[in-house]
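# What the coordinates show
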Amino acid sequence: MSIRHGLLALLERGPRYGSQLRTEFESRTGSTWPLNVGQVYTTLNRLERDGMVAQGGEDAAGHTLYAITDSGRAELRTWFEKPVDRTSPARDELAIKLAMAVGAPGVDIRDVIQSQRRHTVKAMQDYTRLKARALLAVEGGGARERDDVAWLLVLEQLIFQTEAEARWLDHCESRLIRLSATAAAESPATGPVGPAAPGSPVGPAVPAVSNAPAGHATSSPGGPGTSSPGTPAASSPGAPAS
């Protein structure tokens, strides 16, 4: 997340002080990525060092105001025009966890997947409820309409992201089923094989994996973030980890 460019975008609307920038940043993003004042002022100091912002006096309450410079505007324009680089993706904790769980002693990766799926579906339902509120705010208009639209876009990105994660978890579980069956079919028999007892299964045992957990939410054809019918209301989530 580029806090640096986010602050420049806010400063392009006019001079602001640190706490004001923090409040507006969190309002625009729905506090999804909360900032602390120290983080804001550290970033402002670096921007000032790089010639992208300059101190512009004080307001009536004595707060030091910062203003964007021509160099800062040029940097902001470049940021808006340049696609976000995906050639070096950020480390994803869930992907790393599943990769390390494969073959880990005493770890049932199916349990890891099921636990994560329940959390992901719950988050998707919470985001969907917040989206409904954001839509009402946008349709109602008002002075904060720009912030409400921005928050709606962030929410929809989070919904798409959790839907994709749920589908990926389904894929991981299906992949494990196929690999488990293949490994069992190819494993050679160990020791002499005697006559099978009546009613006994013949061949290697394949670990059973449930591939259709209850409570799995799906998205509707009309758009992202439709929760399963009958889902009980939940409280709004806190700031998701980035």
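Higher on the page you've got the structure.
Reading the values: rules and limits
- Residues numbered from 1 in each chain as written.
- Predicted model: local features only at pLDDT ≥ 70, side-chain atom pairs only at ≥ 80, totals over all residues.
- Heavy atoms only, no water.
- Helix = DSSP H or I, 4+ residues; strand = E, 2+ residues; numbered from the N terminus.
- Buried < 20%, exposed > 50% of the residue type's maximum accessible area, 1.4 Å probe, protein only.
- Contact = heavy atoms within 4.5 Å.
- Pairing = 2+ DSSP bridges.
- Core = buried A, V, L, I, M, F, W, Y, C linked by side-chain atoms within 4.5 Å.
- Axes fitted to C-alpha atoms, helices over the stretch in contact; angles between N-to-C directions.
- Parallel < 35°, antiparallel > 145°, perpendicular 65-115°, else oblique.
- Nonpolar A, V, L, I, M, F, W, Y, C, P; charged D, E, K, R; others polar.
- Phe/Tyr/Trp six-rings, centres within 6.5 Å; stacked < 30°, edge-to-face > 60°.
- Expected span 1.5 Å × (residues − 1).

### Comments concerning the overall build of the chain
- Counting its regular elements, the chain contains seven helices and two strands.
- Within the chain, the proportion of its 242 residues that are buried is 31%.
- A fraction of 63% describes how many contacts in the chain between residues 6 or more apart in sequence connect residues 24 or more apart.

### Here's the deal with the pairing of strand β2 (residues 64–68)
- Pairing analysis gives four bridges linking strand β1 (residues 53–58) to β2, with the strands arranged antiparallel. Bridged to Ala54 within β2 is Ala67.
- Taken together, β1 and the strand that follows it, β2, pair antiparallel across an intervening segment of five residues, in which Gly62 is found at a positive phi of about 90°.

### So, the environment of Arg118
- In this structure, Arg118 sits in helix α6 (residues 109–140).
- Sequence separation between Arg118 and Ala166 is 48 residues, and the spatial gap between their C-alpha atoms is 9.1 Å.

### With respect to the nonpolar core
- Grouped together as the largest cluster of nonpolar side chains are 16 residues, with contacts concentrated most on Leu7, Leu8, Leu11, Leu21, Val40, Leu44 and Val53.
- Counting residues per element, the ones that place at least two in this core are α1 (3–11), α2 (18–29), α3 (37–49) and β2.
- Apart from the residues within four sequence positions on either side, Leu7 is in contact with Leu21, Val40, Thr43 and Leu44.
- Among the nonpolar cores identified, the runner-up in size contains eleven residues, and Tyr127, Trp151, Leu152 and Leu158 belong to it.

### Some words on the packing of α1 against α3
- Two elements in contact, α1 and α3, have axes whose closest approach is 10 Å; the angle formed by their N-to-C orientations is 80°. Classified by the interaxial angle, the pair formed by α1 and α3 is roughly perpendicular. Contacts between α1 and α3 pair Ile3, Arg4, Leu7, Leu8 and Leu11 from the former with Gln39, Val40, Thr43, Leu44 and Leu47 from the latter.
- Grouping the amino acids of the contact of α1 with α3 by side-chain chemistry returns seven nonpolar, two polar and one charged.

### Quick look at the packing of aromatic side chains
- Considering all chains together, one arrives at two aromatic pairs under this definition.
- Here Trp79 and Phe80 contribute two aromatic rings whose centre-to-centre distance is 5.3 Å and whose plane-to-plane angle is 40°, an arrangement assigned as tilted.

### Side note on the environment of Met124
- Position of Met124 among the secondary structure elements: in helix α6.
- Residue Met124 is classed as buried on the basis of its relative accessible area of 2%.

### Here's the deal with α2
- Taking 1.5 Å as the rise per residue, α2 with twelve residues should run 16 Å; its terminal C-alpha atoms sit 17 Å apart, in good agreement.
- Looking only at α2, the buried set comprises Gly18, Leu21, Glu24, Phe25, Glu26 and Thr29.
- Among the structural elements, α1, α3 and α7 (145–186) are those in contact with the buried residues of α2.
- At the exit of α2 stands Gly30, carrying a positive phi of roughly 65°.

### Quick notes on the environment of Leu47
- With respect to the helices and strands, the residue Leu47 is situated in helix α3.
- With a relative accessible area of 0%, Leu47 lands in the buried category.
- Counting along the chain gives 40 residues from Leu47 to Leu7, while the straight-line C-alpha distance between them is 9.5 Å.
- Leaving out residues up to four positions away in the same chain, Leu47 has contacts with Arg4, Leu8, Met52 and Val53.

Worth remembering: the numbers are spatial, not functional.
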